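One-letter residues, chain by chain:
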Amino acid sequence: MSGAFAGQTVVVTGGTRGLGRAVSAGFLEEGARVWATYREDERSAQGFAAECERFPGALELARFDVRDYSAVEAFWARLEDAEPGGAQVLVHGSGIRRDAALALLSSEDWSAVIDTNLTGTFHMCRFAVRHMLARRYGRIVLISSPAAHHGFEGQAAYSASKAGQIGLMRSLAREVARKEITVNCVSPGFVDTELLADLTEEQRKRHLASVPLRRFGRPAEIAYAVRALAAREASYITGANLEVAGGL
């Protein structure tokens, strides 16, 4: 797919670390101009920017919280001013986990997960769709999770938020299909990023044993699936949830 995104502008939320970092890097390698957003990890963002100096002028960083409606609105206004041709692709990967058994889960942690993972998705998609409708073209890819239907133990909030993302995606895909805008999800399984760093060794072994391929995924493998759904050639794929989970 070398150069497949040359001349396109791509927005990647949570795009400076972990899985999002791999997604951003993949689009840069394919010739895109990338707006990578982040909430608070300035060190990771600047480190990623330094790594991308070999793509002069191709990376733009934007710091804001997807839970903040006004901040999201301001981001899209800034992008409209800076990109006369608009953004062709949104990859929404911002998300958090707050794991606990439901009976022990605090209302604050529940709200943090739902507000970030689901309400943040609504905020980004609302403005992305308005942006894309005016140009009658767009690709929206949401990063969801197999937790949406597996319902992993201790992840009630996370699972609920990811199930909500898939429902939102399917409704939105129907709403914008006639405008040449596709909306899909990629649901990664267990991927070797910092999101697995807080697992105990016992949990890691248990999760690994549940994967038929008997290994955790690599960020670049998920990034490839995202680019496949974001490609112009993927024009007949919409309303789909692509699981990239090693057969989980």
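Up top you'll find the structure we're talking about.
Keep in mind that what you see is a predicted model, and the values were worked out from it rather than measured.

### Concerning the overall build of the protein chain
So, step 1. Along the protein chain, the regular secondary structure elements total eight helices and seven strands.
So, step 2. Relative to a compact globule of 248 residues, whose C-alpha radius of gyration would be 18 Å, the protein chain shows 17 Å and is just as compact.
So, step 3. Overall, the protein chain is about 50 × 35 × 35 Å in size when its C-alpha atoms are taken along their principal axes.
So, step 4. Residues counted as buried form 49% of the 248 residues belonging to the protein chain.
So, step 5. Long-range pairs, those at least 24 residues apart, make up 74% of the contacts in the protein chain with a sequence separation of at least 6.

### Observations regarding the pairing of strand 1 (residues 9–13)
So, step 1. Among the five residues that make up strand 1, five are buried, leaving the element largely enclosed by the rest of the structure.
So, step 2. Of the two faces of strand 1, the one lined by Thr9, Val11 and Thr13 and the one lined by Val10 and Val12 are each fully buried.
So, step 3. Taken together, strand 1, helix 1 (residues 18–29) and strand 2 (residues 33–38) constitute a β-α-β crossover, and its handedness is right-handed.
So, step 4. Judged from the four bridges that link them, strand 1 and strand 4 (residues 89–92) form a sheet pairing that is parallel. Following the sheet pairing, Val12 is matched in strand 4 by Val91.

### Remarks on the packing of helix 4 (residues 107–133) against helix 6 (residues 156–176)
So, step 1. With their axes 8 Å apart at the nearest point, helix 4 and helix 6 run at an angle of 15° to one another. Classified by the angle between their axes, helix 4 and helix 6 sit roughly parallel to one another. Of the two elements, helix 4 crosses helix 6, and the hand of that crossing is right-handed. On helix 6, the residues touching Trp110, Val113, Ile114, Asn117, Leu118, Thr121, Phe122, Cys125, Val129 and Leu133 of helix 4 are Ala156, Ala157, Tyr158, Ala160, Ser161, Lys162, Gly164, Gln165, Leu168, Leu172 and Val176.
So, step 2. Its residues assigned to classes, the contact of helix 4 with helix 6 comprises 15 nonpolar, five polar and one charged.

### Side note on the pattern of salt bridges
So, step 1. Scanning all chains against the criterion turns up 15 salt bridges.
So, step 2. A salt bridge links Glu51 to Arg21, with the shortest nitrogen-to-oxygen separation between them at 2.8 Å. Here Arg21 lies in helix 1 and Glu51 lies in helix 2 (residues 42–51), a separation of 30 residues in the sequence.
So, step 3. Relative accessible area serves as the criterion here: at 48%, Glu51 is assigned to the partly exposed category.
So, step 4. One salt bridge connects Glu40 with Arg39, and the closest N-O pair in it is separated by 3.3 Å.
So, step 5. Note on Glu40: relative accessible area 53%, which makes it exposed.

### Thoughts on the nonpolar core
So, step 1. Counting 32 residues, the largest nonpolar core has Phe27, Val34 and Val91 as the members making the most contacts within it.
So, step 2. Of all the elements in the fold, those that place two or more residues in this core are strand 1, helix 1, strand 2, helix 2, strand 3 (59–63), strand 4, strand 5 (138–143) and helix 8 (219–230).
So, step 3. The element that contributes the greatest number of residues to this core is helix 8, accounting for six residues.
So, step 4. With residues up to four places along the chain from it excluded, the contact list for Val34 reads Val10, Val12, Ser24, Phe27, Leu28, Ala58, Leu59 and Glu60.
So, step 5. Of all hydrophobic cores here, the second largest spans 29 residues; its members include Met124, Ala128, Ala148 and Ala173.

### Some points on the sheet that holds strand 7 (residues 241–244)
So, step 1. Taken together, seven strands build an open sheet; the order of strands is 3-2-1-4-5-6-7 and the sheet is parallel. The strands lining the two open edges of the sheet, one partner per strand, are strand 3 and strand 7. On average, each strand axis in the sheet is tilted by 20° relative to the strand beside it, whichever way the strands run.
So, step 2. Summarising the sheet, strand 1 and strand 2 pair through four bridges and their orientation is parallel.

Calculation notes
Residues numbered from 1 in each chain as written. Predicted model: local features only at pLDDT ≥ 70, side-chain atom pairs only at ≥ 80, totals over all residues. Heavy atoms only, no water. Helix = DSSP H or I, 4+ residues; strand = E, 2+ residues; numbered from the N terminus. Rg over C-alpha atoms; globule rule 2.2 N^0.38 Å. Buried < 20%, exposed > 50% of the residue type's maximum accessible area, 1.4 Å probe, protein only. Contact = heavy atoms within 4.5 Å. Right-handed = clockwise from strand over helix to strand, strands pointing away. Pairing = 2+ DSSP bridges. Axes fitted to C-alpha atoms, helices over the stretch in contact; angles between N-to-C directions. Parallel < 35°, antiparallel > 145°, perpendicular 65-115°, else oblique. Left-handed = near helix turned anticlockwise from the far one by under 90°. Nonpolar A, V, L, I, M, F, W, Y, C, P; charged D, E, K, R; others polar. Salt bridge = Lys/Arg side-chain N within 4 Å of Asp/Glu carboxyl O. Core = buried A, V, L, I, M, F, W, Y, C linked by side-chain atoms within 4.5 Å.

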